[in-house]
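A look at the structure
For reference, the chains in residue letters:
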Amino acid sequence: MSESIAGLRLCEDTPSQPPQVIPGCPTLDKQTYETHVDVDGTTWYILVARYSNRALVVVSSRGTFGSIVQAQKHTSLRGGLTYDTRMVLGNRNDEMPELCARMIVEAMEAHGASMPIVLCLGVPVKSRADVSTLVKHVLKGFQSTAPTSS
């Protein structure tokens, strides 16, 4: 066993054979990005894992996944962009997780890293400044996990 983000316990697989890639299943494109940042005296642990079909973003200070939200952009028939967010698990009355997910997807689009995300938000987001801090650090994770062109 090993520890990772915010004390979550993750298993280390040590198979005798290399893992097999199953056709049609998403694969991890590159190493994950992991960092921590101090926000108003609370340490936020941030993990970004980019897969072939979407990205997983985990932001936690409590050692939990918190609310889980999916977000992605859509192109309308007239060529405009719309953004869709959906609370998968969590309090549907709390709008902050969906706001954070939408802001992340919009920032990614603005920086040419457009892909759907699954956001696990286990931190208290109380202000616009908190959202900006979150987006800034997650975007840095996306930039550092971007596939390199050969």
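Remember, predicted model here, so these are calculated numbers, not experimental data.

Membership of the largest hydrophobic core comes to 31 residues, with the highest contact counts inside it found for V59, I104, I117, L119, V138 and F142. Counting only elements with at least two residues in this core, the list comes to β3 (33–39), β4 (42–50), β5 (55–60), β6 (67–75), α1 (96–110), β8 (117–122) and α2 (128–144). Dropping the residues within four chain positions of it, L119 is found in contact with V57, V59, S67, I68, V69, P97, C100, A101 and I104. One finds L47, I68, V118 and C120 within the second-largest nonpolar core, a separate group that totals five residues.

Looking now at α1. Side chains three or four residues apart in an α-helix point the same way, a direct result of the helix having 3.6 residues per turn. Between the first and last C-alpha of α1 there are 21 Å, a value that for 15 residues agrees with the 21 Å anticipated at 1.5 Å per step. Here α1 has its buried residues at P97, C100, A101, I104, V105, A107 and M108. Taken around the axis of α1, the buried residues stretch over an arc of 160 degrees, which confines them to a single face. Tucked into the core, α1 has its buried residues touching β6, β7 (81–89), β8 and α2. Where α1 ends, the next residue or the one after it, G112, has phi of about 75 degrees, a positive value.

Our next topic: the sheet that holds β5. One open sheet accounts for six strands, arranged β3-β4-β5-β8-β6-β7; its pairing is mixed. The open sheet is flanked by β3 and β7, the only strands paired with a single partner. Mean inter-strand twist for the sheet, computed between neighbouring axes without regard to direction, equals 20 degrees. As defined by bridge partners, β5 adjoins β8 across six bridges and the pair is classed as parallel. Within β8, the position partnered with S60 by the bridge is G122. The strands touched by α2 within the sheet are β3, β4, β5 and β8, with β4 carrying the most contacts at an inclination of about 35 degrees.

Cut-offs and rules
Residues numbered from 1 in each chain as written. Predicted model: local features only at pLDDT ≥ 70, side-chain atom pairs only at ≥ 80, totals over all residues. Heavy atoms only, no water. Core = buried A, V, L, I, M, F, W, Y, C linked by side-chain atoms within 4.5 Å. Buried < 20%, exposed > 50% of the residue type's maximum accessible area, 1.4 Å probe, protein only. Helix = DSSP H or I, 4+ residues; strand = E, 2+ residues; numbered from the N terminus. Contact = heavy atoms within 4.5 Å. Expected span 1.5 Å × (residues − 1). Arc of directions from axis to C-beta. Pairing = 2+ DSSP bridges. Axes fitted to C-alpha atoms, helices over the stretch in contact; angles between N-to-C directions.

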